[in-house]
Structures are given as structure tokens and as C-alpha cells.
Amino acid sequence: LLSAYIEMGQLEKGDDFAQVTMYLHLICLLSEACKFLVLHKENLKKCEETKWRMEEIVRIYNLEEINFHFVTLFYYQMAEIYCYHGERANALEQFEKYVNLIVRFLRGEIEYLQNDSYLDRLNVWFKKSLLDGNFSREKGTVYYTLLMAFETSQFELLKEEEAFINLRKKVKEMKFSE
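Quantities reported herein were computed from a predicted structural model and do not represent experimental measurements.

(A) Spatial organisation of the overall build of the protein chain. Each helix and strand in the protein chain was counted, giving nine helices and zero strands. Listing the helices and strands of the protein chain from first to last along the sequence gives α-α-α-α-α-α-α-α-α. Principal-axis analysis of the C-alpha atoms gives the protein chain an extent of 60 × 40 × 20 Å. Across the 178 residues of the protein chain, 40% fall into the buried class. Put simply, the protein chain shows about 10200 Å² of open surface, and 52% of that area lies on carbon and sulfur atoms. For the protein chain, the distance from the average site of its 23 positive side-chain charges to the average site of its 29 negative ones is 2 Å.

Spelled out as C-alpha cells, the structure:
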């Protein structure tokens, strides 16, 4: 389709199509990486290799800004993997990334879906699709889900850690309501 847009001289449509396609492939890759972690949770080395690769993709494509939700799922999954392996410090680091990214969203520092300077035409597609302002969770639900993450048994290893306790306190002090 992109080749057809180029041949027809419809470069703007081609640009839109290319950017949306790249975006969807990136989100699919991140989503599948989360499942890959679960599949290989026994193999910490493989999980850490996946973590490194996905962190690079997140960094290179600025995915924390473009679609924070899928990135938080990855951080959460990696925190669970580290807890499973008794890696307290690494688990805490990943959990902090998870919490801090969601807090940025709740404070309005980042949007649920947005452009960046490279993928600069995504908002055109977001506005044309059902995604414009209709994301799957309201901020109140995101806040409640974040609070519940502190109580899950997967993070039992972290519950006595001062940094974990302080994170929970930070989130509770937000007293978020919508």
C-alpha cells in the first residue's frame, strides 16, 4: 500500500500509513515480549536479554511518551520475573519504573496516546480512529489498578522494602479521583 501511495504521489497518505504501521508493529513487539517473558520465566538470562532489547526499542522509539500503557505492562512483567527469581533490587527498579510512568500519566505529564518528533503523524490517525480519547481505562481506573499492584502476591518479596513502602505512600498521597 505504501508503494501505491508513493506511485500515486499521495505522499502525505503514504507517510500516515507508514507511521501507523511502524507504530502498530512496535506495540505488537512489546506486547509479545511480555508474553515471551512469561514463557521463559524460568530462564532469567533469556528474560534479561529480552529486557535489554525491549528497553532499547522503548528508548529509540520514545514509547514511554507515545504509548505509556504497553511500556508499563513490560516493566510490571519484568518486576514479576525478578521477584520470581528473588532478585529484590532489580524487581524494585522495574516496579519503580512501572509506578513512576503511571504517575506521570495521572499527573497529566504524558498523554495516553501521542505523537513524538519522529512519529509525528500518529495523532492524525488517533483522531480518525476510535482511539481518540476513548482509551480502555479512565484515569480513576488506572489509579485504582496502580494501588492494587502494591497488594498482589507477586510482589511479596518487596513489601518490606523501604523504597516499595515509600512508593505506595507516594501513590496514596495523590488522592486521585476523577
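(B) View of the packing of helix H2 (residues 11-39) against helix H5 (residues 68-84). Put simply, H2 and H5 touch, their axes get as near as 10 Å, and they point 15° apart. In this view, H2 runs roughly parallel relative to H5, as classed from their interaxial angle. The handedness of the crossing between H2 and H5 comes out as left-handed. Contact residues: H2 offers Ile27, Leu30, Ser31, Ala33, Cys34, Leu37 and Val38, while H5 offers Phe70, Val71, Leu73, Phe74, Gln77, Met78 and Ile81. For the contact of H2 with H5, the per-class residue count stands at 12 nonpolar, two polar and no charged.

Calculation rules
Every chain begins its residue count from 1, and numbering advances along the sequence as written. With pLDDT at 70 or above as the cut-off, local features in this predicted model cover only qualifying residues; side-chain atom pairs require 80 or more to be listed or tallied, and sums for whole chains, interfaces and linings still use all residues. Each side-chain value is worked out from all heavy atoms of the structure, with water and hydrogens disregarded. Strands here are runs of E lasting at least two residues and helices are runs of H or I lasting at least four, both read from the DSSP assignment and numbered beginning at the N terminus. For the exposure calls, accessible area comes from a 1.4 Å probe over protein chains only, and a residue counts as buried if that area is under 20% of its type's maximum, exposed if over 50%, partly exposed in between. Accessible surface area values rest on a Shrake-Rupley calculation with a 1.4 Å probe, where residue burial reflects the displayed protein chains alone. By the counting rule applied here, Lys and Arg register as positive and Asp and Glu as negative, while His and the ends of each chain are not counted. For this purpose, a charge sits on NZ of Lys, CZ of Arg, CG of Asp or CD of Glu. Angles shown run from 0 to 180 degrees and are taken between the N-to-C directions of axes, each axis being a line fitted to C-alpha atoms and, for helices, limited to the stretch in contact. An angle below 35 degrees is read as roughly parallel, one above 145 as roughly antiparallel, one from 65 to 115 as roughly perpendicular, and any other as oblique. Should the near helix be turned anticlockwise from the far one by less than a right angle, the crossing is left-handed, and should it be turned clockwise, the crossing is right-handed. By definition in these notes, contact holds between two residues if any of their heavy atoms fall within 4.5 Å. Put simply, Ala, Val, Leu, Ile, Met, Phe, Trp, Tyr, Cys and Pro go in the nonpolar bin, Asp, Glu, Lys and Arg in the charged bin, and everything else, Gly too, in the polar bin.

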